[in-house]
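Structural characterization, general
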Amino acid sequence: MTGSATWMKFFAVGAMALALTACGGGKKEESEDVTARLPNPDPYPSTYQPWASTPTLIEGATLLLGNGERIDNGAILMRDGVIDKVGKTGEVKLPKGKGEKIDAKGRYVTPGIIDAHSHLGVYPSPGFSSMSDGNEATAPNTAGVWAEHSVWPHDPGFTRALAGGITALQILPGSANLFGGRSVTLKNVPARTVQEMKFPGAPYGIKMACGENPKRVYQNSGPSTRMGNFRGYRNAWIEATAYKKKWDDYAAKLESGEDAGDPPGRDLKLETLAGVLSGDLFVNMHCYRGDEMVQVLDMAKEFGYKVSAFHHVVEGYKIADRLAEEGVCAAVWADWWGFKLEAYDSVRENAALIHNQPNGCAIIHSDSGVGIQRLNQEAAKAMADGRNLGIDIPEREAIKWLTSNPAKALHIEDKVGTLEAGKMADIVVWSRTPFSVYAKADLVFIDGALMYDRSDPSTSPRTDFEIGQEDNTMLGGAGQ
Amino acid sequence: MSTLMTKLFKSAATILAAGAFSLSFSLSVTMAQTIAITNAEIHLAGPTNAPRTISNGTIIIENGLIRAVGPQVEAPLNATVINAEGKPVTPGLFAALTSVGLVEISLNDDANETSPDWGFPLSASLHASDALNTDSSIIAISRSGGVTRVYTTPNPGDKLFGGCGLVMDLSGSDNPISGDCLAQSAVMGLSGARRAGNTKTGAMALLRYWLDEALIYQRAPGTFRSRPNDTGLSLPDIQALVPVAMGQQPLLVEVNSAPDIRRLIDLQQEYGLKLILVSAREAWRLADELAAANIPVIINPADNLPENFESMGATLANAARLMDAGVVVAFYDNDIGYTHNVRLLPQLAGNAAANGVDHEEALAAITLNPAKIWGLESELGTVQAGKIADLVIWDGDPLEVTSRPTHIFINGAEASLENRQSLLAKRYKDLTRGDRPPAWKGD
């Protein structure tokens, strides 16, 4: 990620603010003033806390590490919420022999599945209009809305996704607008508030949309054409550039001790866009057509920002070389198509062709409360279709589409996405290879805590909405 | 009953005619050609009280039909032999409910004939066959996934009824219809309520009213014409509902909640209707009643979200519980894959198999059971001598998501696996700039 320097800056600022709060202002006065006089970058902070865990050793499993490696007869030790050690069975031991030992002979272990594109919580079940909170379709640029303010943590869809091995997911606003608003990355744990789900340390993203959706939604007021879409993006970036400069100048004056005067006026929309320009927010760009994506890449250069991932990317295979050259990930469905003309030129080999480029970054996403429950099957189909075209992608590679690649696109790859020591212990034990329709997530751990156990209904979450409803809560929970 | 029987009889004739038509187009196969598929793991999808599979079996195809099936069958000398190399062979997949041929692009009015705009006066009298696009790209794309037959139907606009659908083969023939106007489509439950003053009481009252009108018309068509008509249904629609009200033509009803299903079972008894339930998320709660009433259901076995208060009991166990009770169950995708991804039927069946349905029964839900539901059981749906040769050879377990067809036979002729998607993939597989533009890379 080329924007990582600025992204780190964002976290430095955020961390400083936290440190100052914690230490009661132990740092020098000057920098406290600077931080306090700039907009709080994290006003709805994560209150996520890992659930209780015991040291757990899983042995005898096939490990797909998510970094391209595979260990047969492997073992993995989780301790204090993190992955402690990964290796061959026999080489990894429980500390002092204490903790849980799970015999996973014949089973597979993978990193927790990460869905880069979900609308759970913002388009929840039930799908009543009163709960339809995913598209602020009132203006083509609503960059000022934040998806987390729509997320209903009691959406039963979260529990279904958990049973499918989903441990983290990005919740996006919908695609009605050129700028849909901020996304939020969550840990998939049952919670009372969205803050209790927010992935600690995950940066914010923004949702943008190409093509048919914005021009259809605003056909009367504009944009009503694809060129109108681009005028809308570019005008917004021009405005955001000016806004960013005002705040940068103000911050620079504060920093240098000059009289900075009154702070510039805040604008939530431009604050989010300026965050993209400074690299603090990553860009999720809903785009289907290859030609349009290449235009977006030019626009990103024009205004000095970076697209983290295109989403849907039905024509990704037509420009897979360009995506790989630019280091942009492509989040795709395995085989959805035909609902719009821009989704007409779908090929089942899309993910494989994107992956097959040097440095190609394919992601399988769901965009669906049903699909999110079986992302492993979607990856399996895409892998098989690649093979049919002569692109042989082994399981140890294809698992990246669900783990390390989405982690990269969401900029949490230093924390999750692979089975490597030191990373958060978000892992799934599958009944067999996950690249099978018969595979089931038997055990799902999040930060080392067992959050779902298929064999034990007491670890099968039932949401508030469902509890006590006729013939629902007796189903075994999580829709099983 | 006679109307339906006539139609079925016609449909059988159509099938044979269609078979001849498509065969005449094939360079490699002639009508007289005999094909032997040898060394096959045959999944018969046949009766449960007989062996379900034959290993190392042979299937002889002749004149569009399966002539013989078995472990000891000899390939005739004149046969073109296809060695399946131990791989599975199944009946061609039969999609129980789609709008194939009625839609090319869902969100494009110019390429979507599935349902009329709100306010359009006609409904029950609409015929899928009047708009059927036999050139739809979905046909070849679905075929490459092993689908050989589909039921395709218009869906309701702002009325309770959508019109009647048909069964077609996916050979690519210009004349693919195997059975026309086989059922009337309708919506009840919340979908019905939306079309009836936003109440389910309104939907049920309207349904009765229109069935009654159809019966009144049927008894005295002449006097009916002079009656004041305040039903919101025009005369052609009422005429179209006569075979439904008489119990001759099935009524395909989308419904979900157990109470709504219970009410429809009552209505079936009252009117003598032939019902087929669609979606039916809570059908498992009435599995025994549905089995006793001989009402088949078409469900998405992966449908487990409480979308609203009529789906609180949605569960992955729906298929297994219904099938255990003896209900005839077929699978469809009620979501974005409804028409464009009928090629994913094996994934639906695989998920049913992963959630308590016997593997061969899950296969039957995408082969035999749709044939039963659409009255084509004697011609289609299983690998049995005498049936139409719709067959698929797979490179692995047919219900596994990593398996793909290697050969497809429709009406006894081998059909192409190629389609515009496979051609696009080939065109763009190598992106290095050559001497000629990609647009010159063709078929």
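Residues numbered from 1 in each chain as written. Chains lettered and ligands numbered in written order. Predicted model: local features only at pLDDT ≥ 70, side-chain atom pairs only at ≥ 80, totals over all residues. Heavy atoms only, no water.

Domain annotation for chain A reports domain 1 (1–37) and domain 2 (112–420). Between the C-alpha centres of domain 1 of chain A and domain 2 of chain A there is a distance of 27 Å. (Domains from an automatic or database assignment.)

Residue and element names in this part refer to chain B. If you walk across this open sheet you meet the four strands as S6-S7-S9-S10, and the pairing is mixed. The strands lining the two open edges of the sheet, one partner per strand, are strand S6 (93–98) and strand S10 (177–179). Pairs of neighbouring strands in the sheet enclose a mean axial angle of 30°, with direction left out of account. Inspection of the sheet shows strand S7 (residues 147–152) paired to strand S9 (residues 166–169) by four bridges, in the antiparallel sense. Paired with Thr152 across the strands is Leu166, a residue of S9. (Pairing = 2+ DSSP bridges. Helix = DSSP H or I, 4+ residues; strand = E, 2+ residues; numbered from the N terminus. Axes fitted to C-alpha atoms, helices over the stretch in contact; angles between N-to-C directions.)

With that settled, the discussion passes to the pattern of salt bridges. Side chains that differ in sign of charge can pair as their charged atoms come close. Residue and element names in this part refer to chain A. For the coordinates displayed, the defined rule picks out 44 salt bridges over all chains. Where Glu196 meets Arg192, a salt bridge forms, and the shortest distance between an N and an O atom there is 3.2 Å. We classify Arg192 as exposed; its relative accessible area is 66%. With a closest N to O distance of 3.9 Å, Glu326 and Arg322 form a salt bridge. Taken together, the residues span about one helical turn, with Glu326 and Arg322 both in helix H8 (residues 320–326) at a distance of four residues. The class of Glu326 is partly exposed, set by a relative accessible area of 23%. (Salt bridge = Lys/Arg side-chain N within 4 Å of Asp/Glu carboxyl O. Buried < 20%, exposed > 50% of the residue type's maximum accessible area, 1.4 Å probe, protein only.)

Take helix H5 (residues 226–256) of chain A next. Residue and element names in this part refer to chain A. With 31 residues, H5 extends 45 Å between its outermost C-alpha atoms, agreeing within 8% with the 45 Å of an ideal straight helix rising 1.5 Å per residue. Residues Gly228, Asn229, Phe230, Tyr233, Ala236, Trp237, Ala240, Tyr243, Trp247, Tyr250, Ala251 and Leu254 constitute the buried set of H5. Positive phi appears at Gly257, one or two residues downstream of H5, with a value of about 85°. (Expected span 1.5 Å × (residues − 1).)

This next bit is on the confidence of the model for chain A. All names here are of chain A. Per-residue confidence for chain A averages 92 on the pLDDT scale, and 91% of its residues sit at or above 70. When pLDDT is averaged over each helix and strand of chain A, the minimum, 37, is found for helix H1 (residues 4–23) and the maximum, 99, for strand S5 (residues 108–111). Ignoring residues within four places in sequence, the model shows residues 1–30, a span with pLDDT below 50, making 28 contacts including any to other chains. (pLDDT = per-residue confidence, 0-100. Contact = heavy atoms within 4.5 Å.)

Bringing the state of the cysteines into the picture now. Within the structure shown, the criterion is met by three disulfides over all chains. The side chain of A:Cys210 participates in a disulfide bridge whose partner is A:Cys287; the two sulfur atoms lie 2.0 Å from each other. Sign of the S-S torsion, about -80° for the bond between A:Cys210 and A:Cys287, identifies this disulfide as left-handed. Taken together, the residues span a long stretch of sequence, with A:Cys210 in the loop between strand S9 (205–209) and helix H4 (212–217) and A:Cys287 in strand S10 (residues 282–287) at a distance of 77 residues. Just as A:Cys210 is buried, A:Cys287 falls in that class too. One disulfide bridge connects B:Cys164 with B:Cys181, the sulfur atoms lying 2.1 Å from each other. Linking B:Cys164 and B:Cys181, the disulfide has an S-S dihedral of approximately -105° and is accordingly described as left-handed. (Disulfide = S-S within 2.5 Å.)

Once that is clear, we can look at the interface of chain A and chain B. Counting residues at the interface gives 61 residues for chain A, matched by 50 residues for chain B. Carbon and sulfur atoms make up 55% of the surface buried where chain A meets chain B, a total of about 4,800 Å² over both sides. Counting across the interface, chain A meets chain B through two salt bridges. A salt bridge links A:Asp345 to B:Arg420; the shortest N-O distance between them is 2.9 Å. Those elements that provide at least two residues to the side of chain A that touches chain B are helix H3 (156–163), H8 and helix H10 (375–388) of chain A. No other element matches the nine residues that H10(A) contributes to the side of chain A that touches chain B. Looking at the side of chain A that touches chain B residue by residue, the classes come out as 25 nonpolar, 17 polar and 19 charged. (Buried area = accessible area lost by both parts, 1.4 Å probe. Nonpolar A, V, L, I, M, F, W, Y, C, P; charged D, E, K, R; others polar.)

This part covers helix H10 (residues 345–353) of chain B. Buried residues dominate H10(B), accounting for nine of its nine residues. Within H10(B), burial applies to B:Leu345, B:Pro346, B:Gln347, B:Leu348, B:Ala349, B:Gly350, B:Asn351, B:Ala352 and B:Ala353.

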